[in-house]
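Structural description and commentary
Below are the chains, spelled out letter by letter.
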Amino acid sequence: MGKIILTGDRPTGRLHLGHFVGSLSRRVQLQKSEEFDKIFIMIADAQALTDNADNPEKVRQNIIEVALDYLSCGIDPKRSTIFIQSQVAELCELAFYYMNLVTVQRLQRNPTVKAEIKLRDFAEEAIEGDTTQKKGIPVGFFTYPISQAADITAFKATTVPVGEDQEPMIEQTREIVHKFNTTYGEVLVVPEIMLPDNSACMRLPGTDGKAKMSKSLGNCIYLSDSEKDVKQKVMSMYTDPDHLRIEDPGKVEGNAVFTYLDAFCRDEHFEKYLPDYKNLDEMKAHYRRGGLGDVKCKKLLIAILNEMLAPIRERRAYWENNIEEVYRILEEGSLEARRTAAQTLNEVRGAMRINYFEDRELISEQAARYKAANQ
Ligand code: TRP
């Protein structure tokens, strides 16, 4: 049997270079692979609402942003099914049944949920006696790993390409699948995580050198940024704070410009943009020795990034002029996703023996029992 991919993103903002190296470019490649029968890409609006309940408009506006980013990166709706999570009601029903297979304690141990709870302002306990304070953890947020298990299993996904922060979710999904299959019978497929393959790419730091690109830190380069934006952001990027004069020796470790070059630069780029060096190793050696200034490194990075983003910008311009068509793609994708999820849900109900009206045996047995008793 061929393999099936399911992956997705929360629509809480435009996608950035971190998404591109971590997942989007991989998805575009996977579309060409014979190994996979089907690719589902989900815009996880319902999951985004688990910690944005008071801001549905933000989620609503960002669905189109994420869809535009997908299409401009080269995700091809003919080969991948792009859909909106909330439009597949079957996912909620699956999640509701899975909730019986997971303990509160197990959810509390999920490292990603733990970390996210710390990050958000509902971290603190409710302030005693003050009912106007909205502190506390929403149940929907707390249980989103279960809903994510529904997302994955509804499509019988074998393969989930995600970043390493999603590992606990996939682990939890696997546990739910095992529990379901041993309790009710073999219906669900145990998914495998597919991590990004290039370690330099696994986590692109922010332009400020902080561990991760993140909207809230304002350290992102967006796929929809203009040439000018990219230039400005790279020019103000974090490098080596001790590399003050050009002659000073510099550090490339922890230097965001070099981390980005590791992720994006190929030998051909030197021939084209900076023929002083044959490759990145030579350039790094010069930087370490001293005598190579940050501006020169940054200019190379700007050229490389803008070359990479040019076709993405071009496709984005096309789709921005065809928004109705983008929504048609999402609608058709959601219908197809719904058909697939409904099929799995049917099997789930059958295995759990809650398909009462189709269960002729149940009805005739009870009818016979009552008939005999009342004779
Ligand atoms: N949790 C994922 C994220 O924050 C998004 C997501 C929701 C997802 N459901 C999924 C990813 C299912 C993979 C599979 O990025």
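**Comments concerning the site of the ligand**
Taken together, 13 residues lie around the ligand, and Met42, Gln47, Gln148, Asp151 and Gln166 are the ones closest in. Here an oxygen atom of the ligand sits 3.3 Å away from a polar atom, N or O, in the side chain of arginine 10. Within the side chain of aspartate 151, an N or O atom sits 2.8 Å from a nitrogen atom of the ligand. Compared with its free state, where it exposes 370 Å², the ligand has 89% of that area covered by protein. Going through the elements one at a time, β1 (3-9) and α8 (144-154) are the ones with two or more residues in the shell around the ligand. A class-by-class count of the residues in the shell around the ligand yields six nonpolar, five polar and two charged.

**Overview of the packing of helix α12 (residues 256-264) against helix α14 (residues 280-289)**
Interhelical geometry of α12 versus α14 gives an angle of 170° and a closest axis separation of 11 Å. Accordingly, the angle class assigned to the pair α12 and α14 is roughly antiparallel. Contacts between α12 and α14 involve Phe258, Leu261 and Asp262 on the former and, on the latter, Leu280, Met283, Lys284 and Tyr287. In terms of residue class, the contact of α12 with α14 is built from five nonpolar, no polar and two charged.

**A closer look at the pairing of β1**
Regular strands place their side chains on alternate faces of the sheet. For β1, the tally of buried residues reaches five of seven residues, placing the bulk of the element in the interior. One crossover worth recording links β1 to the parallel strand β2 (residues 36-43) by way of helix α1 (residues 17-30), and it is right-handed.

**Notes on unusual backbone geometry**
The phi angle at lysine 156 is positive, at roughly 50°, despite the residue not being glycine. Relative to the helices and strands, lysine 156 is located in the loop between α8 and β4 (159-161).

**A few points about α8**
Counting buried positions over the 11 residues of α8 gives 10, a clear majority of the element. Lysine 156 sits one or two positions beyond α8 and adopts a positive phi of about 50°.

**Concerning the environment of leucine 244**
Here leucine 244 lies in the loop between α11 (227-235) and α12. Classification of leucine 244 as exposed rests on a relative accessible area of 72%.

**Here's the deal with empty space enclosed by the protein**
Summed over all chains, the structure comprises one cavity of 30 Å³ or more. In this model, the largest cavity occupies a volume close to 30 Å³. Every residue lining the largest cavity is listed: Gly22, Ser23, Arg26, Pro161, Val162, Met194, Leu195 and Pro196. Sort the elements by how many residues they give to the lining of the largest cavity and α1 lands first, with three residues. Its residues assigned to classes, the lining of the largest cavity comprises five nonpolar, two polar and one charged.

**A look at the pattern of salt bridges**
Under the criterion given, the structure shown has 24 salt bridges. With a closest N to O distance of 3.0 Å, lysine 3 and glutamate 35 form a salt bridge. One end of the pair, lysine 3, is in strand β1; the other, glutamate 35, is in the loop between α1 and β2, and 32 residues separate them in sequence. Residue class for lysine 3 comes out partly exposed when judged on its relative accessible area of 34%. Through salt bridges with shared partners, a single ionic network connects Glu65, Asp69, Arg316 and Glu320.

**Quick look at the packing of aromatic side chains**
Counted under the stated rule, the structure contains 10 aromatic pairs. Plain terms: the ring middles of phenylalanine 83 and phenylalanine 155 are 5.2 Å apart, the flat faces sit at 50° to each other, and that makes the pair tilted. Here phenylalanine 83 is found in strand β3 (residues 80-84), whereas its partner phenylalanine 155 is found in the loop between α8 and β4, with 72 residues between them in sequence. Phenylalanine 155 matches phenylalanine 83 in its accessibility class, with the two residues each being buried. An aromatic cluster of at least three residues, connected via ring pairs, comprises Phe40, Phe83 and Phe155. The aromatic ring of tyrosine 144 is capped on one face by arginine 10, whose charged end is 4.6 Å from the ring centroid. We note lysine 38 situated over the ring of phenylalanine 40; from NZ or CZ to the ring centre the distance is 5.6 Å.

Calculation notes
Residues numbered from 1 in each chain as written. Predicted model: local features only at pLDDT ≥ 70, side-chain atom pairs only at ≥ 80, totals over all residues. Heavy atoms only, no water. Near = heavy atom within 4 Å. Polar contact = N/O pair within 3.5 Å; in protein donor to acceptor, adjacent residues only side chain to side chain. Areas by Shrake-Rupley, 256 points an atom, 1.4 Å probe, with all protein chains shown as cover. Helix = DSSP H or I, 4+ residues; strand = E, 2+ residues; numbered from the N terminus. Nonpolar A, V, L, I, M, F, W, Y, C, P; charged D, E, K, R; others polar. Axes fitted to C-alpha atoms, helices over the stretch in contact; angles between N-to-C directions. Parallel < 35°, antiparallel > 145°, perpendicular 65-115°, else oblique. Contact = heavy atoms within 4.5 Å. Buried < 20%, exposed > 50% of the residue type's maximum accessible area, 1.4 Å probe, protein only. Right-handed = clockwise from strand over helix to strand, strands pointing away. 1 Å grid on protein atoms, 1.4 Å probe; cavity = no way out; pocket = protein on both sides within 12 Å on 5 of 7 lines; lining within 4 Å. Points joined across faces, edges and corners; volume = space filled by probe spheres on them. Salt bridge = Lys/Arg side-chain N within 4 Å of Asp/Glu carboxyl O. Phe/Tyr/Trp six-rings, centres within 6.5 Å; stacked < 30°, edge-to-face > 60°. Lys NZ or Arg CZ within 6 Å of the ring centre and 35° of its normal.

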